[in-house]
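A closer look at the structure
One letter stands for each residue in the lines below.
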Amino acid sequence: MAQVPTVTGMVEAEDLGTTLIHEHLRNADEAVRDQWPMVGAVKEDEPHEVPPERVFEIAVREAKAAVDLGIKTIGEPTAMFLGRDVEFMRRVSEETGLQVIPCTGIYTYDYLPQFFLNRDADQIADLFVHDIEEGIQGTDIKAAFIKCAADEPGVNENIEKVHRAAARASVRTGAPVMAHSRPASNTGPRQVEIFLEEGVEPAKIQIAHTGDSDDLDYIEGLLETGVWIGLDRYGLDIFLPYEKRQATAKALLERGYADRIFLSADSVGTTDWFPPNVIDGLIASGAANDWTIRMVPERVLPDLREWGMTEEQERTMMVENAVGWLTA
Ligand SMILES: [Zn+2]
């Protein structure tokens, strides 16, 4: 059977087990971290600024909580500009036993540094291929998938170039692609179109954050192309409240799409995106509720079981789909 790279080495695909496909152990801009290393980060349910040395402890605490809830593996889509650090991931994995699947790629909604503005899609793809075939950041840790993103600015020139680079690296290596999307800006169909134009097989394409919409026509339009979708932001009520996310999941299960769906939370152990007082405000306003790596095993799955999700549907979404996408 096929093998999948993790931060602690290759694992047999059949040993991935219960997998959350989209969780971040930490998120911090690498340029800020490099220039102002004393700046801390915040955690949703611990909304004071924590110093850099505590970021590791919190990542370990969250990863351990996931393991205790039966999670064996996470997809870790922390790419460039989210502070990817595979040695950090490896230390968390070794400390907790959680299998962590790293990625390559660029997370941007528009901005690119001159380095990328002055290189074409093939030259950018070369970097992604390096991470997949040689290893990431000077280590022997290999990337399992390629991350890119489109958000409110849409699929503009820079974003299209990154998508084509991701697609070409996928075609060259066989690694699958995960694309952050924004349903409210209708980015999904254009993202899929670019990947298909570049020759990526639909079974290697995952459109993340599709579950930020409850528009079943939009979602089925994507599913009909044969791609995977992420219902992967449980807890981020600011984009779609929990009950609507669950109603969408149930409707899609009823329509037979268990074999195309990932359930996850897009949680972050810690983040530097906001100062602590803003996080306080987000929690007080209900923008984020139970938004942790624990959300899916602790709340989403029990609620779906009570509603009538079958054991087979659960196993498909939580175990088999990760194998299917990662080894397509
Ligand atoms: Zn994410």
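Whatever comes next refers back to the structure up there.
Just so it is clear, the model here is predicted, and its values are computed rather than measured.

The rules we used
Residues numbered from 1 in each chain as written. Predicted model: local features only at pLDDT ≥ 70, side-chain atom pairs only at ≥ 80, totals over all residues. Heavy atoms only, no water. Helix = DSSP H or I, 4+ residues; strand = E, 2+ residues; numbered from the N terminus. Contact = heavy atoms within 4.5 Å. Buried < 20%, exposed > 50% of the residue type's maximum accessible area, 1.4 Å probe, protein only. Pairing = 2+ DSSP bridges. Right-handed = clockwise from strand over helix to strand, strands pointing away. Axes fitted to C-alpha atoms, helices over the stretch in contact; angles between N-to-C directions. Parallel < 35°, antiparallel > 145°, perpendicular 65-115°, else oblique. Left-handed = near helix turned anticlockwise from the far one by under 90°. Nonpolar A, V, L, I, M, F, W, Y, C, P; charged D, E, K, R; others polar. Expected span 1.5 Å × (residues − 1). Patch = residues over 30% accessible without salt bridge, like charges linked within 9 Å, V, L, I, M, F, W, Y side chains within 5 Å. Areas by Shrake-Rupley, 256 points an atom, 1.4 Å probe, with all protein chains shown as cover. Salt bridge = Lys/Arg side-chain N within 4 Å of Asp/Glu carboxyl O. Core = buried A, V, L, I, M, F, W, Y, C linked by side-chain atoms within 4.5 Å.

Here Phe88 lies in helix 3 (residues 86-96). Once the C-alpha coordinates of Phe88 and Leu127 are considered, the two residues, 39 residues apart in sequence, prove to be 21 Å apart. For Phe88, the contacting residues outside a window of four places in its chain are Leu25, Arg26, Val55, Phe56 and Ala59.

Here strand 6 (residues 73-76) shows two buried faces, one formed by Thr73 and Gly75 and the other by Ile74 and Glu76. Sheet topology note: the strand 3 (residues 19-20)/strand 6 ladder contains two bridges and is parallel. By the bridge assignment for strand 6, Thr19 is matched with Thr73. Both strand 6 and strand 7 (residues 99-105) contribute to a ladder of four bridges, which runs parallel. Considered in strand 7, the bridge of Thr73 is made with Gln99. For the crossover that starts at strand 6, traverses helix 3 and ends in the parallel strand 7, the hand is right-handed.

Attention now goes to unusual backbone geometry. Positive phi is not limited to glycine here, since His209 has a value of about 70°. Position of His209 relative to the elements: it lies in the loop between strand 10 (205-208) and helix 8 (216-223). Positive phi values are uncommon outside glycine, yet Asp266 reaches one of about 55°. Mapped onto the fold, Asp266 is located in the loop between strand 12 (261-263) and helix 10 (276-284).

Following both chains from N to C, one finds helix 5 (residues 121-133) and helix 6 (residues 157-173) inclined at 45°, their axes separated by 8 Å at the closest point. With respect to helix 6, the element helix 5 is oriented oblique. Handedness of the crossing formed by helix 5 with helix 6: right-handed. Seen from helix 5, the contacting residues are Ala121, Asp122, Ile124, Ala125, Asp126, Phe128, Val129, Ile132 and Glu133; seen from helix 6, they are Lys161, Val162, Arg164, Ala165, Ala166, Arg168, Ala169, Arg172 and Thr173. When its residues are assigned to classes, the contact of helix 5 with helix 6 shows ten nonpolar, one polar and seven charged.

Mapped onto the elements of the fold, Glu62 is located in helix 2 (residues 52-68). By relative accessible area, which is 3% here, Glu62 ends up buried. Setting aside residues no more than four positions away along its own chain, Glu62 makes contact with Lys43, Gly269, Thr292, Ile293 and Arg294.

The subject of this paragraph is helix 2. Along its 17 residues, helix 2 runs 25 Å from first to last C-alpha, staying within 8% of the 24 Å computed at 1.5 Å per residue. Every buried residue belonging to helix 2 is among Val55, Phe56, Ile58, Ala59, Val60, Glu62, Ala63, Ala65 and Ala66, and all of these are buried. The positive-phi residue at the C-terminal boundary of helix 2 is Gly70, with phi of around 95°.

Taken together, the side chains of Val32, Trp36, Met38 and Val39 define a hydrophobic patch exposed on the protein surface, amounting to about 390 Å² of accessible area. Mapped onto the fold, Val32 is located in helix 1 (residues 30-35). On the accessibility criterion, Val32 (31% relative accessible area) is partly exposed.

What follows deals with the nonpolar core. Leu25, Phe195, Tyr234, Leu252 and Leu263 are the most contacted members of the largest nonpolar core, which totals 80 residues. Among the elements that line this core, the one with the most residues is helix 2, at seven residues. Excluding anything up to four places from it in sequence, Leu263 contacts Leu20, Leu231, Tyr234, Val296, Val300, Leu301, Leu304, Met317 and Met318. Counting 21 residues, the second largest nonpolar core, distinct from the first, contains Leu16, Tyr107, Phe145 and Ala322.

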